[in-house]
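Results of the structural survey
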Amino acid sequence: MEKRRVLWVVVPVLLIITLFALFACCCPGNRPAAAVAPPEPPPIGTANLAVPTEAVPARETETQMRNVLFHIDRTAVLHIHDLRGQMFDKEAGKPLNFDNK
């Protein structure tokens, strides 16, 4: 009878100690991380490369639209069924901006 009572006390205590030891060993906690230097970013855009003629901006941009609801303001809407043409930039070398709001 005395052995059973001792087992009822000793076994839970051993389980609790084992769980605490397991969490103490396996959980990272507040341990300082190993000092690793961040990788250097690649030198993007620093090399002088020849620009191919295909990459030079054109004077005009071919445009084609079908079934577009073009909102001029809050109340007026243009329904573009089919439209094809060319769009020109306002300033040479600047990107073409269709939405001028």
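You'll find the structure just up there.
Description of the structure in this document. By convention here, each chain's residues receive numbers from 1 onward along its written sequence. Where totals are concerned, whole chains, interfaces and linings use all residues; where local detail is concerned, this predicted model gives features only for residues with pLDDT of at least 70, and gives and counts side-chain atom pairs only at 80 or more. Excluding hydrogens and water, the side-chain figures rest on all heavy atoms present in the structure.

**What about the overall build of the protein?**
Of the regular secondary structure elements, the protein holds 1 helix and 2 strands. For the purposes of this entry, the term helix denotes a DSSP run of H or I that reaches at least four residues, the term strand denotes a run of E that reaches at least two, and both are numbered from the N terminus. Taken from the N to the C terminus, the helices and strands of the protein come in the order α-β-β. Residue contacts are counted whenever heavy atoms from the two residues lie within 4.5 Å of one another. Counting contacts in the protein only where the partners sit at least 6 residues apart, residues at least 24 apart contribute 29% of the total. Of the roughly 10,400 Å² of accessible surface on the protein, 63% is carried by carbon and sulfur atoms. Surface accessibility follows the Shrake-Rupley procedure with a 1.4 Å probe radius. Residue values consider only the protein chains on display as shielding.

**Focus: the pairing of strand S2 (residues 77-88)**
Remark: a regular strand shows side chains that alternate across the two faces of the sheet. Paired strands, in this sense, are two strands between which DSSP finds at least two bridges. Sheet topology note: the strand S1 (residues 60-71)/S2 ladder contains 11 bridges and is antiparallel. If you follow Leu-69 over to S2, its bridge partner there is His-79. Counting the residues in the hairpin turn of S1 and S2 gives 5 residues.

**A few points about the environment of Ala-76**
One can find Ala-76 in the loop between S1 and S2. You can call Ala-76 partly exposed: its relative accessible area is 29%. Ignoring anything within four residues of it in the chain, the contact list for Ala-76 reads Phe-70 and His-71. Burial classes: relative accessible area under 20% of the type maximum marks a residue as buried, over 50% as exposed, and values in between as partly exposed (1.4 Å probe, protein chains only).

**Details of unusual backbone geometry**
A positive phi angle, near 50°, is found at Asn-67, a position not held by glycine. Note on placement: Asn-67 falls in strand S1.

**Here we look at the pattern of salt bridges**
One speaks of a salt bridge when a side-chain nitrogen belonging to Lys or Arg is within 4 Å of a carboxyl oxygen belonging to Asp or Glu. In the structure shown here, the tally under the stated rule is 1 salt bridge. The salt bridge partner of Arg-66 is Asp-82, with a shortest N-O separation of 3.7 Å. Residue Arg-66 is found in strand S1, and its partner Asp-82 is found in strand S2; the two are separated by 16 residues along the sequence.

Purely spatial values, then, with no claim about function.
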